[in-house]
Amino acid sequence: MHRDLSEQHTKGEVLIVEDTPASLKLLSDLLTEAGYYVRQAPNGELALWTAQSRPPELILLDIRMPGIDGFEVCRRLKQSESAELRQVPVIFLSAQHDTDDKVRGFALGAVDFIPKPFQSEEILARTDAHVRLGRAQKALAAERGLLEQRVAERTAELAGLAASLEREVERRRANEEFLRLAGQVFEATQDAIVITDTAGVIAASNPAFTRISGYSAAEVVGQSVRLLHAGEQNAPALQLLLRALQTTAHWSGEIMARRKNGDTYPGLLSVSCVKDGAGAVVNYVAVFMDITERKAEQHLIDFLSNHDALTGLPNRLLARQRFAHTMAAARREGQCVAVMCLDLDRFKSINDSFGPQVGDRALQVVARFLSRAVGEGDTVTRQGGDEFQIILQDDVQLGRTLALAQRVLAGLRRELAVDGQQISLTSSIGIAVSPSDGADLDELVRNADTALFRAKETGRDHYAFFTERMDAEIRDKLAIQAQLRGAIARDEFEVHYQPQMCLRSGELLGAEALLRWDNPVLGKVPPNRFIPLAEEYGMVTAIGEWVLESVCAQIKLWHDEGLGDIKVAVNLSAGQFGHDNTVAFVEATLRRFGIAPANLGLEITEGTVMGDPDKAVAALKRLKDIGVSISLDDFGTGYSSLGYLKRFPIDVLKIDKSFVDDVTTNANDAAIALSVISLAHNLNLRVIAEGVETRAQVDFLAERGCDEMQGYYFSRPLAAPAFTALLRQPRKLFDQ
């Protein structure tokens, strides 16, 4: 059926079935901008009608819809009378991550699942992949159909000839010239021909059959044709063959056969029925082509089209495919992709000294070394000459990339044994990293080549990153990591306390504990620099436990000094909150210091609890059972799922500083702050605004019912002695 696609929509046609207008528009806009022709259906009934009127190349299908849900739509599509409609790939869209849903979807014929909320890169990558795969399968089916048609035509001719021979024998009206010609065809054809009776017992075979199978005619005549079958691997094809012979009297396709020596081999088989004048089947004629060499040639062609002929490494074409796969995985996992361009220093002198053959062998030795040096999933390619590339996925600290670069330089520095010759090599490496240095392979290679040039300028046998800034940042992070490991033992951490004020009374209610790090080598390191690294390197739990113990010890000290029961809120990181022992540690620490649970508050972020909401609810309930209060920090900047919010046993919502900064001048920020206050009070929660710096902000939030505040307007975070002095002051900070 004709598809009226505009010039700007040439990548293919996609049908999006989604009952949520916002999601439908998001997907439609995304795919339209990517070059697809998009049709829409807001429900299952319209989806079926739209697909039947003109089958698309791909269907993105929401599972949960009123009326006909996605599963029923998929079932009807796959049972359609239209072969073209049955072959349209279906990708399910679902906000739930239920294994049973996936099993059911794949059983119905779906090719993939995409979870909600959508990731643009994932939508585009999977859509591109399945559209290309669908087109490739159609092209392959068409090519195979032509080949099968040719074999079928040839088989039909031979079947007709065999039928004529049989009729002539039965009716005794032999035509000697015809029989002679038929015998010549039977004997001379290069394809194996086997004639069986209706029970599958072999009645005759030609010389080509003997040459291909190893069986002589005398060995197989009177034997069942199953003697030639390759066993279980042919079971699906044999079932199709039997059904086709019963319905259409003909079948053709690929099948595995067994030779006399037991070897199996691939072939193209065509089987036709021979019928008598009454229409009853009297014989079967099978024509078989041995396609072993064709398969081997195709395999070699496929390999050479994707690999370097000298080293066997992936070539540019395969490298692009591997890069796209690595990029997609890195985006899903929040990581980056490094491209390393490696050049052998002064390689021309090896060709000049030892000859090009030794030079080629040296390149093969280097290729094997690089393949062993990289990790599983990394890609080594040869770009021609003595230039190689390495593509690998790494975290933002680029620890694997640095280690690999150093390992490669050191390994190639050693003498290599090449055809009895000891050859010394050094190399230079340029490194570019996505996304900071480029989003596509061409751009990253250009930037890595630039870095390679700089590495050679600095004396060769060296690596360099594309930007000095990145190089400095990486070294800085590695320095932080090295110092961070011993910071607790060296007593370099200190807890500061930022006052939290009551807006009704103006009194000091408590404080938020904030971690500070002063390192002799690095100086004062901001938390936003070392906390993420502590998370990444698995040190955040130990640091968090140190903070909790320090805070409880300080609360106990203030109580013993007669300064009252001071309530302090401690932040729990995602790594610490996800640790199964955290709740037990909190309870044990309170008991060890003799602190009332009411004096301790724990602050968590939306991202912390939304990683595994069910597990988070269980952990929060256990903490509430202990008696500590729970604050949800940075509310409104993350997931903001109201459905989960009502399940979380929290006491306080904190309005993020980003909304407080312009609350008196920006209508949107004001509306958000008012919404959070209203929502919290409706849920019987208190509200704390953080980052308050002006009196205008104080008055605005106080007039609108905000319960508590903290920020520079009242006080900066204070070390324990300074906060203790603040507790001894009788005046109210709110009056300053």
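A.B. asks: Pulling in residues and values, what's your account of the overall build of the protein?
C.D. replies: Counting its regular elements, the protein contains 28 helices and 27 strands. The burial tally for the protein puts 47% of its 736 residues in the buried class. Across the protein, contacts joining residues at least 24 apart in sequence account for 60% of those joining residues at least 6 apart. When the accessible area of the protein is evaluated, it comes to approximately 36300 Å², of which 52% is carbon and sulfur surface.

A.B. asks: Give a description of the environment of Pro532 that names residues and reports values.
C.D. replies: Tracing the sequence through the fold places Pro532 in helix α18 (residues 527-536). Note on Pro532: relative accessible area 43%, which makes it partly exposed. Residues Pro532 and Ser573 lie 41 residues apart in sequence; the distance between their C-alpha atoms is 9.5 Å.

A.B. asks: Give me the lowdown on the nonpolar core, citing residues and values where you can.
C.D. replies: Tyr497 and Leu701 are the most contacted members of the largest nonpolar core, which has 82 residues in total. Beyond its immediate sequence surroundings of up to four residues, Leu701 is in contact with Leu503, Val660, Val663, Ala673, Ile677, Ala689, Val692, Cys706 and Met709. Ranked by size, the runner-up nonpolar core spans 38 residues in total, among them Cys336, Leu412, Leu425 and Phe465.

A.B. asks: I'd like to hear about the sheet that holds strand β13 (residues 387-394), residue by residue, with values.
C.D. replies: Strand order in this open sheet of 5 strands is β12-β13-β11-β16-β17, and the pairing throughout is mixed. Every other strand in the sheet has two partners, leaving β12 (379-384) and β17 (463-465) as the edge strands with one partner each. Averaged over all adjacent pairs, the angle separating strand axes in this sheet is 20°, with direction ignored. Here strand β16 (residues 427-434) pairs with β17 via 3 bridges, running parallel. Bridging from a neighbouring strand, Gly430 pairs with Ala464 of β17. Strands β11 (336-344), β12, β13 and β16 of the sheet are contacted by helix α12 (residues 316-332), whose axis makes an angle of about 15° with β13. Across the face of the sheet, helix α16 (residues 441-457) comes into contact with β11, β13, β16 and β17 while running at roughly 140° to β16.

A.B. asks: Before we move on, can you summarise unusual backbone geometry with the specific residues and values?
C.D. replies: Of the consecutive residues Lys116 and Pro117, the connecting peptide bond is found in the cis state with omega at 0°. Relative to the assigned elements, Pro117 resides in the loop between β5 (112-115) and α6 (120-171). A cis amide bond, omega 15°, links Ser434 with the succeeding residue Pro435. Here Pro435 lies in the loop between β16 and α16.

A.B. asks: Can you tell me about the sheet that holds strand β6 (residues 192-196), naming the residues and giving the values?
C.D. replies: Pairing between the strands of a sheet comes from backbone hydrogen bonds, and it takes one of two forms, parallel or antiparallel. Taken together, the 5 strands give an open sheet; going across it, the order is β7-β6-β10-β9-β8, and neighbouring strands pair in antiparallel fashion. The open sheet is flanked by β7 (202-205) and β8 (250-258), the only strands paired with a single partner. If you compare each strand with its neighbour and ignore which way they point, the axes differ by 25° on average. Note that β8 and strand β9 (residues 264-275) share 9 bridges and pair antiparallel. Of the residues in β9, the one forming a bridge with Gly253 is Leu269.

A.B. asks: Kindly report on the pairing of strand β23 (residues 629-635), identifying the contributing residues and their values.
C.D. replies: Across the 7 residues that make up β23, a large majority, 6, are buried. The pairing of β23 with strand β24 (residues 652-655) spans 3 bridges and is classified as parallel. Each residue of the ladder has a partner; that of Ser631, found in β24, is Val652.

A.B. asks: For the packing of helix α14 (residues 356-373) against helix α15 (residues 399-413), give the residues involved together with the corresponding values.
C.D. replies: Here α14 crosses α15 at 145°, and the two axes come no closer than 11 Å. The two elements α14 and α15 cross, and the hand of that crossing is right-handed. Along the contact surface, α14 presents Val366, Phe369, Leu370 and Ala373, while α15 presents Leu404, Arg407, Val408, Gly411 and Leu412. In terms of residue class, the contact of α14 with α15 is made up of 7 nonpolar, 1 polar and 1 charged.

A.B. asks: Would you mind going over the pairing of strand β25 (residues 686-690) in detail, with residue names and values included?
C.D. replies: Burial analysis of β25 places 4 of its 5 residues in the buried class, which makes it a mostly covered element. Note that β24 and β25 share 4 bridges and pair parallel. Counted as the bridge partner of Ile655 is Ala689 from β25. As paired strands, β25 and strand β26 (residues 708-710) are joined by 3 bridges and run parallel to one another. What sits directly across from Ala689, in β26, is Met709. You can see the chain leave β25, run along helix α27 (residues 695-703) and come back into β26, and the turn it takes is right-handed.

What counts, and at which threshold
Residues numbered from 1 in each chain as written. Predicted model: local features only at pLDDT ≥ 70, side-chain atom pairs only at ≥ 80, totals over all residues. Heavy atoms only, no water. Helix = DSSP H or I, 4+ residues; strand = E, 2+ residues; numbered from the N terminus. Buried < 20%, exposed > 50% of the residue type's maximum accessible area, 1.4 Å probe, protein only. Contact = heavy atoms within 4.5 Å. Areas by Shrake-Rupley, 256 points an atom, 1.4 Å probe, with all protein chains shown as cover. Core = buried A, V, L, I, M, F, W, Y, C linked by side-chain atoms within 4.5 Å. Pairing = 2+ DSSP bridges. Axes fitted to C-alpha atoms, helices over the stretch in contact; angles between N-to-C directions. Left-handed = near helix turned anticlockwise from the far one by under 90°. Nonpolar A, V, L, I, M, F, W, Y, C, P; charged D, E, K, R; others polar. Right-handed = clockwise from strand over helix to strand, strands pointing away.

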